[in-house]
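Single-letter residue listing:
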Amino acid sequence: MGAYEIDEWALVKTSLDPEGIGSEESLFTVASGGLGLRGDHEEGDPSFHRGTYLNGFFEQETINYGEIAYGYAENHQTMLNVPDAKLFRLELDGHPFSLKLARIDRYERRLDFRSGELVRMVTFTLASGAVAELETRRLASFARPLVASFRWSLRLTEGCAEVSVFTGIDGGPRNLTAADDPRVGAKFSERPLIPTRLEVAEDGGLVEARTRRSGLAMACAARIRAWRTGVARTEGERGTTMKLGDSFFCVRRASLSAGEELVLEKAVAYRWGLAGDEGRDLAVEAVAAADSASEAGYSALTAEQRRELDSFWRDADLFVDGSAEIRQALRFNLFHVFQAAGRDGRTSLCAKGLTGEGYQGHYFWDTEIYACPIFTYTRPDLARSLLAYRHSILDAARERARVMSQRGALFPWRTIDGRETSAYYPAGTAQYHIDADIAYAVQKYLAASGDGAFAEKEAAEIAVETARLWAGLGRYGEDGLFRIHCVTGPDEYSALVDDNAYTNLMARNNLRWAACLVDSLPQAARESLGSAVGLRDEEIEGWRRAAGAMAVPFDPVTGIHPQDDGFMNRPDWDFAGTPREKYPLLLHFHPLVIYRHRVLKQPDLVLAEFLLSAEFSRAQKIRDFRFYEPRTTGDSSLSHCIQSVMAAEIGDHGKAYDYFLKTVRMDLDDVHGNARDGLHLAAMAGSWISAVYGFAGFRDYDGRFSFDPRLPDDWKGLSFRLAVGGGRLGVELSRDEVRYSFEVDRKETRGSLTLFHRDTEFSLAPGKHRVFSLKRQLRAVLFDLDGVITDTARLHYLAWKAEVDALGLKFDEKLNERLKGVSREASLGIILEANGLEMTASERIAIARRKNERYVASLDVLTERDVLSGVRELLAGLRVHGVSAVLTSASKNAPRILERLGLSKEFELVVDPSSIVKGKPDPELFLRGAELAGAYRLDCVGIEDAQAGIDAIRAAGMAAVGVCGEGGPELIGAHRSVKSLNELTVEHLERLLESIR
Ligand code: BG6
Ligand code: MG
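Presented here is an overview of the structure given in this document.

Definitions and limits used
Residues numbered from 1 in each chain as written. Chains lettered and ligands numbered in written order. Predicted model: local features only at pLDDT ≥ 70, side-chain atom pairs only at ≥ 80, totals over all residues. Heavy atoms only, no water. Pairing = 2+ DSSP bridges. Helix = DSSP H or I, 4+ residues; strand = E, 2+ residues; numbered from the N terminus. 1 Å grid on protein atoms, 1.4 Å probe; cavity = no way out; pocket = protein on both sides within 12 Å on 5 of 7 lines; lining within 4 Å. Points joined across faces, edges and corners; volume = space filled by probe spheres on them. Nonpolar A, V, L, I, M, F, W, Y, C, P; charged D, E, K, R; others polar. Axes fitted to C-alpha atoms, helices over the stretch in contact; angles between N-to-C directions. Parallel < 35°, antiparallel > 145°, perpendicular 65-115°, else oblique. Contact = heavy atoms within 4.5 Å. Salt bridge = Lys/Arg side-chain N within 4 Å of Asp/Glu carboxyl O. Buried < 20%, exposed > 50% of the residue type's maximum accessible area, 1.4 Å probe, protein only. Disulfide = S-S within 2.5 Å. Arc of directions from axis to C-beta. Lys, Arg positive; Asp, Glu negative; His and termini not counted. Donors = N, O, S within 2.8 Å, 3.2 Å for Na, K, Ca; no water. Expected span 1.5 Å × (residues − 1). Phe/Tyr/Trp six-rings, centres within 6.5 Å; stacked < 30°, edge-to-face > 60°. Lys NZ or Arg CZ within 6 Å of the ring centre and 35° of its normal.

**Quick look at the pairing of strand β27 (residues 760-764)**
The sheet contact formed by strand β26 (residues 753-757) and β27 spans 5 bridges and is antiparallel. Each bridged residue has a counterpart across the sheet, and for Leu-755 the counterpart in β27 is Phe-762.

Encoded structure:
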């Protein structure tokens, strides 16, 4: 674990590392959704940046554009670094204590995921030879909003010392200012937080302040108690309190000798709200909360914290059997995501949580697409609260839509209070997809929780206003398709494009969902929705129509979905000529240079294929993943988890795990080199997504819950729980099987849960479980025709030869090898390419037709005797064992040939090659074959004589048998090679399946 010790329930550091202190401060943050305390040392040194943040508390500043245009975002918003309560300065025998200078004998910091505490223990030797143990503890309370509690103690184990400790509220810290990186730093021209009141008492004090421009005010109260324990226990230590500029410090002094200990406990409460809000007295609230926490004492707050975290882990823990390191990383990530989420329905989850100032404390789509799934399935109350935040800013989003000449609501790309703050609209406001992302998260939350009250009010209003936006934004083209122009998709390395596939697909989903949701509302809810948003039936019809006509770019040549309308026209990025240090590209190339190439910062279309899983065939996903993956830089930390999930889905398990490792250790390894500015919360959430959606193969498209699990090779097990159907679905995966169980609190009120394991539907009654084997079992054998069942490969060759000779082109047996398994049209393409020749479509059609006429004429000689040896016997064996036989030939003449061979009855299942998008080596033919047979793909064996066919079988995830004939070329990737089917029995195939993973 690099710089950190392996501990399953804690992040532990046992050495002081002033160099890496920045990222360490982020990693060791404790937060409670509302209040975040960076992990800076109590002594304030060494430190990169001391930070204390209140989620949602910000200052704004006018954006100074060099050139401005209508509708640009007006203000920066920056989450403020507020007065700091973490500081405890120590003096020993009159000398300030410094971690950097002290003679340290032992140092340990521990962020405990179960108690929610940051604990530090330092043993050091003083100049006098005395030995002291310093222990500091802090937590940001989940049970008490915006309350933090600290416990500080110093014990002498040898010698004696004069001890002074200063602690209070330090008004010194400021926000970091912008450097060269657009992703960090505030833009303030003047001090943003103006102190308005400072009061001290013997045991604490109060500071109040207001923001200069955003109209907010805050109060922070602290209560400090101190006592001395030891050989002769003394009563409460008295001390003095002093003001120092905008700060105050209480000083406690004691003469300690060996065995004695000075202890300080400090309770701190923050409150914030609108400045001048008559209804609230922030100071009174803060003082009351601090007093109450102080009276309860630090250990009572730890107990409350543990209760909250115990319940969180009961619902959210992901247990990986296999690696303590991974368990630690996953829990670390989950812990941070949990403590970052706003809980009051008025705040959300900042891109960096409350761990730093990167992205200025803004909320992006990260919350809805990356973090919300975790909360929806582990803490639905928090998912609801995050989505309620979006509802709370609906008016601002409506206003933004007006500015952008639209109806409905346009949610801001980045914001704190609901207003757009992105100063760079091509990668900001242009990302209209945020509307669909929010709608998607709401849809998912409703499907899992069945929260009717939320559906009728908040969800319905969000649905209507987002659907309106899309209906107004798009236009019907002359071809009748509904098109959306000039937007930016999730991939920020392309901007202002037409028909971004992700946007259109997600908008389509948004429109359909909104129409369904509104239709499903009870009469009364529908009426009150109508009066809230003025809805007409024609409008809903319009949404359905637009959804039905939505343009989705598709390229018939490659069979992939281009990311946008112009994508395929752009040249590829010069990856080979771009050295490592030029990444991330955004810091080294002008946006236009990036935009005009095929290069991705993060998955775009591939993300849509994950989110809208059931709308795409598996073959389509494989093609798209393979096309985009080499073009995706991963410059965005949001990239890796999606790549991991989709690599897992398409069966590229090595890649799935590699990407998982990147997302799960993003900040622990400081993969992007900027963890000091705050942690990558979406990537952290992404590790849960990778495990649950990736390795467990969970899909929740449109409320259909399914699993297609497959553990990484290094893991023996994975288990977790999901909140669905009013209970908790337990999923326990081992290498050989998966167990699903369903628990509810009150059985009588709950019905059964309908689930899918792979394609098998089943239901679980409360208290019941079901186990499925994950071992491969032979269900279907997919046969190629030419070269496997009969020797027509020779006839194909002769037909091509005659035709190509007539054209005066070169053609030989070697080139012919490349045509095997390949469709007629693609075969001609290969021949022309080998001859360096181009032809028009009509010329090609004519040649292919003539070749086929020659070929078909030659088929007349075929009889039942031309079935290759071993074929009939194997087919008979399959029949006896109830295993399906499917014909997966690229030849459109296959049915005719089967008839001549007398095999039509044996092959009831024949895939029609003209119904597929791409032929071999694309896996589509074989995947279709499995579907036809109703067999799970991993339970199929494919038999092929051509390399393209073997490649296709492997890409489909199936077991591949290569038929090489006498002296034929070796088929690379075949799990087993035979000369003829004579060598194969059903038992062989069964054993073959058992032997591969
Ligand atoms: C495959 C052959 O089975 O069918 C290929 O291996 C051939 O060589 C392909 O090109 C298409 O056949 P047809 O009969 O549709 O031209
Ligand atoms: Mg063949």
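**Quick word on empty space enclosed by the protein**
The tally for this structure, following the rule as stated, stands at 6 cavities of 30 Å³ or more. Empty space within the largest cavity amounts to approximately 300 Å³. Considering the residues around the largest cavity, the lining is formed by 23 residues, among which Asp-786, His-796, Leu-819, Gly-821 and Val-822 are closest to the centre. Contributing elements (two or more residues each) for the lining of the largest cavity: α19 (792-806), α20 (813-819), α21 (824-834) and α22 (841-858). Taken together, the residues of the lining of the largest cavity break down into 6 nonpolar, 9 polar and 8 charged.

**A word on the packing of helix α5 (residues 366-378) against helix α8 (residues 433-449)**
Running from amino to carboxyl end, α5 crosses α8 at an angle of 10 degrees, the nearest separation of the two axes being 10 Å. It follows that α5 is roughly parallel to α8 by the angle criterion. Where α5 abuts α8, its residues Glu-368, Ile-369, Cys-372, Thr-376 and Tyr-377 lie against Asp-437, Ile-438, Tyr-440, Ala-441, Lys-444, Tyr-445 and Ala-448. Of the residues in the contact of α5 with α8, the class split is 8 nonpolar, 1 polar and 3 charged.

**A short note on the pairing of strand β25 (residues 737-743)**
Along any regular strand the residues' side chains alternate between the sheet's two faces. Looking at chain direction, strand β24 (residues 727-734) and β25 are connected through 6 bridges and run antiparallel. What sits directly across from Leu-729, in β25, is Phe-742. Between β24 and β25, which pair antiparallel one after the other, the connecting turn spans 2 residues. Here β25 pairs with strand β28 (residues 769-773) via 5 bridges, running antiparallel. Note on β28: the bridge partner recorded for Tyr-740 is Arg-770.

**Topic: the pattern of salt bridges**
Following the criterion strictly, the structure yields 88 salt bridges and no others. Here Arg-721 makes a salt bridge to Glu-743, at a shortest N to O gap of 3.2 Å. Note that Arg-721 is positioned in strand β23 (residues 717-724) and Glu-743 in strand β25, a separation of 22 residues in sequence. When its relative accessible area of 22% is taken as the criterion, Arg-721 is described as partly exposed. On the basis of relative accessible area, Glu-743 is assigned to the partly exposed category, the value being 45%. Shared partners join several salt bridges into a network, and the residues in it are Asp-395, Arg-398, Arg-407, Glu-465, Arg-468 and Glu-539.

**Quick look at the sheet that holds strand β19 (residues 319-321)**
Taken in spatial order, the 5 strands of this open sheet run β19-β23-β24-β25-β28, and their pairing is antiparallel. The open sheet has two edge strands, β19 and β28, and neither has a second partner. Across the sheet, the mean angle from the axis of one strand to that of its neighbour is 15 degrees, orientation sign disregarded. Here β23 runs beside β24; their pairing, made up of 8 bridges, is antiparallel. Paired with Leu-722 across the two strands is Leu-729, which belongs to β24.

**Considering the state of the cysteines**
Evaluated as defined, the whole model comprises 0 disulfides. Take Cys-250: it sits in no disulfide, and the sulfur closest to it among the cysteines is that of Cys-220, at 12 Å. Cys-372 provides the cysteine sulfur closest to Cys-641, a residue in no disulfide bond, and the two sulfurs are 14 Å apart.

**Side note on the sheet that holds strand β15 (residues 216-229)**
What the 9 strands build is an open sheet, ordered β1-β8-β9-β10-β11-β18-β15-β14-β13; its pairing is antiparallel. Two strands bound the open sheet, and with one partner strand each, they are β1 (10-13) and β13 (193-201). Neighbour to neighbour, the strand axes of the sheet diverge by 15 degrees on average, direction disregarded. As paired elements, β1 and strand β8 (residues 103-112) share 4 bridges and run antiparallel to each other. Among the inter-strand pairings, Ala-10 is bridged to a residue of β8, identified as Asp-112. Across the face of the sheet, helix α2 (residues 282-296) comes into contact with β11 (147-158), β13, β14 (204-211), β15 and β18 (261-274) while running at roughly 25 degrees to β15. On top of the sheet, helix α4 (residues 324-340) reaches β1 and β8; it is set at about 70 degrees to β8, its chief contact.

**Describing helix α11 (residues 523-533)**
Listing the buried residues of α11 in full gives Ala-525, Leu-529 and Val-533. Angularly, the buried residues of α11 cover 50 degrees about the axis, an arc narrow enough to put them on a single face. For α11, the exposed residues set more than 90 degrees away from the buried face come down to Gln-523, Ala-524 and Ser-531. Turning to α11, the residues buried within the fold contact α7 (394-403), α9 (452-473) and α10 (501-520). Within two residues after α11, Gly-534 carries a phi angle of roughly 60 degrees, on the positive side.

**Considering the side chain of Asp-366**
Topologically, Asp-366 is positioned in helix α5. Buried Asp-366, no salt bridge; nearest opposite-charge side chain is Arg-390, N-O distance 7.8 Å.

**Examining the coordination of the magnesium ion (ligand 2)**
Ideal geometry at a metal gives 109.5 degrees between four tetrahedral donors and either 90 or 180 degrees between six octahedral ones. The protein atoms donating to the magnesium ion (ligand 2) are Asp-784 (OD), Asp-786 (O) and Asp-945 (OD), with metal-donor distances spanning 2.0 to 2.1 Å. In terms of primary sequence, the donors binding the magnesium ion (ligand 2) are separated according to D-x1-D-x158-D. With Asp-786 in the loop between β29 (780-783) and α19 and Asp-945 in the loop between β32 (940-944) and α26 (947-955), this residue pair connects regions lying 159 residues apart in the sequence. For the pair Asp-786 and Asp-945, a shared accessibility class is recorded, and that class is buried.

**What to know about helix α17 (residues 653-664)**
Here α17 spans 16 Å end to end across 12 residues, near enough to the 16 Å set by a 1.5 Å rise per residue. Buried residues along α17 sit in contact with α4, α16 (639-650) and α18 (681-695).

**Digging into unusual backbone geometry**
Cis geometry marks the peptide bond from Asp-45 to Pro-46, where omega comes out at 0 degrees. Omega for the peptide link from Lys-920 to Pro-921 comes to 10 degrees, which places this bond in the cis form. Mapped onto the fold, Pro-921 is located in the loop between β31 (909-910) and α25 (924-933). Despite not being glycine, Cys-486 has its phi angle at roughly 55 degrees, a positive value. Considering the arrangement of structural elements, one finds Cys-486 in the loop between β21 (482-483) and α10. Of note, Asp-702 is a non-glycine position whose phi angle comes to about 50 degrees, a positive value.

**Focus on the packing of aromatic side chains**
Under the counting rule described, the total for this entry stands at 43 aromatic pairs. Ring centres of Tyr-4 and Phe-28 lie 6.1 Å apart, and the angle between their planes is 65 degrees; this geometry places the pair in the edge-to-face category. Placement of the pair is Tyr-4 in the segment before β1 and Phe-28 in the loop between α1 (21-27) and β2 (30-31), with a sequence separation of 24 residues. Neither Tyr-4 nor Phe-28 differs from the other in exposure class; each is buried. Site record: aromatic cluster; members linked through ring pairs are Tyr-377, Phe-610, Trp-688, Tyr-693, Phe-698, Phe-705, Phe-707, Tyr-740, Phe-762 and Phe-772. Lying over the aromatic face of Trp-272, Arg-346 brings its terminal NZ or CZ to 5.7 Å of the ring centre. In this structure, Arg-545 is placed above the aromatic ring of Tyr-476, and the distance from its NZ or CZ to the ring centre is 4.2 Å.

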